[in-house]
Structure formats: C-alpha cells, structure tokens
Amino acid sequence: MAMIDSDDIRQMIVVAKNEVRKFISSKKFSVYVALVVISLALVTFLPYIVGDGLSGSAGGVFYTYVMFAAFMAILAATLFASNTIVSEFEERTALILFTRPIRKISIFVGKFLACLVMEAIVIVAYYLIGALVAFLVSGDLVSSFLPSLAMALAYMFAVSGIAIMISSFSKKAGNAAVITFITVVLLISIVTTALSAAGIDTWFMLDTAAESIMSSIPEYIDSMNAMYVQMGEQMGMDMSAYMVKAADTVKSGLVMLAWGIVTTVIAWIKFSKREF
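Computed from a prediction, not measured in an experiment: that's the story for all the values here. (Residues numbered from 1 in each chain as written. Predicted model: local features only at pLDDT ≥ 70, side-chain atom pairs only at ≥ 80, totals over all residues. Heavy atoms only, no water.)

Engineer: Even after reading the chapter, I still don't get the packing of helix α1 (residues 6-25) against helix α7 (residues 104-138), so can you show me in this structure?
Structural biologist: Two quantities define a packed helix pair, namely the angle between the helix axes and the distance between the axes. Across the interface, α1 lies against α7 with an axial gap of 7 Å and an inter-helix angle of 45°. Taken together, the axes of α1 and α7 lie oblique to each other. As for how α1 packs across α7, the hand of that crossing is right-handed. For the pair formed by α1 and α7, the contact residues are Asp-8, Gln-11, Met-12, Val-15, Ala-16, Glu-19, Val-20, Lys-22, Phe-23 and Ile-24 on the first element and Ile-105, Ser-106, Ile-107, Val-109, Gly-110, Lys-111, Leu-113, Ala-114, Cys-115 and Met-118 on the second. Tallied by class, residues from the contact of α1 with α7 come to 13 nonpolar, 3 polar and 4 charged. (Axes fitted to C-alpha atoms, helices over the stretch in contact; angles between N-to-C directions. Helix = DSSP H or I, 4+ residues; strand = E, 2+ residues; numbered from the N terminus. Parallel < 35°, antiparallel > 145°, perpendicular 65-115°, else oblique. Left-handed = near helix turned anticlockwise from the far one by under 90°. Contact = heavy atoms within 4.5 Å. Nonpolar A, V, L, I, M, F, W, Y, C, P; charged D, E, K, R; others polar.)

Written out as structure tokens, the structure is:
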C-alpha cells in the first residue's frame with residue numbers, strides 16, 4: 001500500500017466533514033441526543049422528586065452521572081460506527097465513491113474519524129454537565145474528572161473499533177447494529193465471566209478494563225466498599241474479594257486502546273478488499 005500523502009489527508013477531512021453533516025441531519029443523531037438529555041434530566045432531577053435531592057462531595061455527585069458513561073459509548077457506537085461502512089454498500093453510495101479519484105483509505109479513515117468526533121463531543125459534554133452539577137451542589141471541583149473521562153474516551157474508541165469491524169463484514173446496517181450491541185453488552189461479558197470462573201485474571205478483557213471508568217473515582221470506591229462491608233456484617237460473610245480497588249488507568253487505558261486498534265485494523269483489511 002502506498003504511503004498516505006497530503007492529498008489523502010485532505011480527502012479524509014472532506015469525507016469526515018460530509019459524514020458529520022450526515023450524522024447531524026439524521027434521525028438517529030436526534031434520538032441519541034434526546035436519550036442523553038433524558039438521562040441527564042433523570043439523574044439530575046429524579047433525586048429531588050423521590051427524595052432530598054443531590055448531596056455530598058463533588059466526586060460523590062459526579063459518579064452518579066459517570067455510571068451511565070459506558071452505556072452512552074456503546075449506544076453511540078451502535079447507532080453510528082456500526083453502520084458507517086455497511087451503509088455505503090447497502091445504499092449503493094460505494095459505487096459512486098469507488099469510481100472517483102479517492103482512495104479507500106481516505107474513505108475509511110474519514111468515516112471512522114467522523115464517528116469518533118461525534119461520539120467524543122457528546123461524551124465530553126455529558127461529563128462537563130455532570131462536573132458542573134457536582135460543583136453547583138458541593139461547591140468543589142471534581143478531582144477525578146480527567147482520569148475518568150480519559151477512560152471513557154478509550155472505551156469509546158474500543159467499542160467503536162468493534163462496531164466498525166462488524167460493519168465492514170456486514171451486508172445490512174440493521175444487522176450490524178444488533179450484532180455490535182450484543183457483542184459488546186453480552187458476548188464479551190460471557191467470555192469474561194467464563195474466564196473468571198476458571199480462575200483466569202481477565203485484565204485483558206474489554207469490560208474488565210472499562211471498570212476503570214468508575215474505579216478511577218475515589219468516592220465511588222469508598223461508596224462501594226462501604227456497601228460491601230455493611231453487607232458482609234449483615235450476612236456474616238467475608239466480602240474482601242468483592243472490594244473495589246483503585247484503577248490502574250495506564251494499564252486499563254492501554255488495554256482498551258489495543259482493542260480499538262486491533263479491531264480497526266481488521267476492519268480496514270476487510271474494507272480494503274471488499275468490492276461493491
């Protein structure tokens with residue numbers, strides 16, 4: 001494969017811009033934004049409706065928002081990355097693209113870059129709103145904002161890589177979306193559970209690494225461990241095996257990046273050989 005030159009980069013940017021415009025004008029993007037807004041509203045206002053409202057430290061308030069960050073990433077990958085490649089073949093737009101003087105690498109990178117940008121904007125905005133509410137409630141800044149956000153973005157990249165890989169092999173956008181969701185939410189978890197039951201350390205599994213999104217927040221660790229201690233006292237059990245440990249963000253981040261890189265490379269190899 002020839003080296004990427006400045007014209008390829010220019011074409012990647014053009015493809016990415018067009019893809020972003022298509023995303024923004026689509027019904028799926030409107031639905032996704034609506035779901036994010038509804039989630040924010042529920043997390044923010046439901047405690048005031050059913051109880052005394054949000055209270056506690058900045059981190060304590062913040063992690064109630066972060067609990068849904070991983071699902072936001074999965075939902076974004078399912079809606080956008082899972083159909084970005086397959087749609088070109090299903091809607092026959094690939095026939096137009098492949099007959100123009102634009103290399104496949106520019107199409108692939110441009111479309112994937114557009115997915116990542118759109119997903120990252122929403123996740124960063126979600127985090128900022130959560131941190132703002134935490135500041136308004138507690139009067140303090142969230143100390144774990146950047147570590148948790150970095151883990152969320154790494155997870156977003158990983159699940160998007162899985163989604164675009166599935167998209168590259170699929171013939172129908174609907175099938176790609178369903179398979180992506182099932183793979184990330186169910187199949188990977190089943191493998192992790194089976195490996196854990198066999199006594200194997202699952203540090204290399206995506207869902208295990210994704211736990212760092214939450215376990216990089218000290219207040220979350222304190223809250224969960226206090227709950228386990230209380231449960232252990234009530235049931236007379238040793239809950240030490242369930243205690244949450246502080247995340248090794250470097251290790252977890254590298255694992256999630258590896259998942260994203262490997263699946264994206266597989267996606268590119270399949271896409272580069274695929275004909276209309």
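And the narrative resumes.
Engineer: Help me out: how do you make sense of the nonpolar core in this one?
Structural biologist: In a soluble, globular protein the nonpolar side chains are often hidden away together inside. In this structure, Tyr-32, Phe-62, Tyr-127, Tyr-155, Ile-213 and Met-256 are the most contacted members of the largest nonpolar core, which totals 83 residues. The greatest single-element share of this core, amounting to 15 residues, is contributed by α7. Tyr-32 has contacts with Met-72, Leu-75, Ala-76, Leu-79, Phe-80 and Val-122, leaving out every residue within four places of it along the chain. (Core = buried A, V, L, I, M, F, W, Y, C linked by side-chain atoms within 4.5 Å. Buried < 20%, exposed > 50% of the residue type's maximum accessible area, 1.4 Å probe, protein only.)

Engineer: How should I be thinking about the pattern of salt bridges in this particular structure?
Structural biologist: Pairing between side chains of opposite charge can happen when their charged atoms approach one another. Throughout the structure, instances matching the rule amount to 4 salt bridges. Put simply, Lys-22 and Glu-19 hold a salt bridge, and the shortest N to O gap is 3.6 Å. Taken together, the positions of Lys-22 and Glu-19, both in helix α1 and 3 residues apart, correspond to about one turn of that helix. For Lys-22, a relative accessible area of 37% corresponds to the partly exposed category. Members of the salt-bridge network, linked through shared partners, are Glu-19, Lys-22 and Lys-111. (Salt bridge = Lys/Arg side-chain N within 4 Å of Asp/Glu carboxyl O.)

Engineer: Explain the packing of aromatic side chains to me, please; I cannot follow it from the model alone.
Structural biologist: For any pair of aromatic rings, the description rests on two quantities: the centre-to-centre distance and the angle between the ring planes. What the rule picks out here adds up to 14 aromatic pairs. Ring geometry for Phe-108 versus Phe-271: centroids 5.8 Å apart, planes at 35°, classification tilted. Of this pair, Phe-108 sits in helix α7 while Phe-271 sits in helix α13 (residues 249-273), and the two are 163 residues apart along the sequence. Taken as a pair, Phe-108 and Phe-271 share a single burial class, namely buried. Clustering of aromatic rings is evident, with ring pairs tying together Phe-108, Phe-112, Phe-157, Trp-268 and Phe-271. Over the face of the ring belonging to Phe-271 we find Lys-104, whose NZ or CZ atom lies 5.7 Å from the ring centre. (Phe/Tyr/Trp six-rings, centres within 6.5 Å; stacked < 30°, edge-to-face > 60°. Lys NZ or Arg CZ within 6 Å of the ring centre and 35° of its normal.)

Engineer: Mind showing me how you'd approach helix α9 (residues 173-197) here?
Structural biologist: Because an α-helix packs 3.6 residues into every turn, residues spaced three or four apart end up facing the same way. With 25 residues, α9 ought to run about 36 Å at 1.5 Å a step, and its terminal C-alpha atoms sit 35 Å apart, in line with that. The largest bend along α9 measures about 45° and falls at Thr-183. Positive backbone phi, at 80°, marks Gly-199, one or two positions downstream of α9. (Expected span 1.5 Å × (residues − 1). Bend = angle between axes of the 7 residues up to and from the residue.)

Engineer: What's the story with the side chain of Ser-144 in this structure? I'm lost.
Structural biologist: Tracing the backbone through its elements, the reader meets Ser-144 in the loop between α7 and α8 (145-169). The exposure class of Ser-144 is buried, given its relative accessible area of 3%. If we ignore the near neighbours within four places in the chain, the residues touching Ser-144 are Phe-62, Ser-216, Ile-217 and Pro-218.

Keep in mind these values describe shape, not function.
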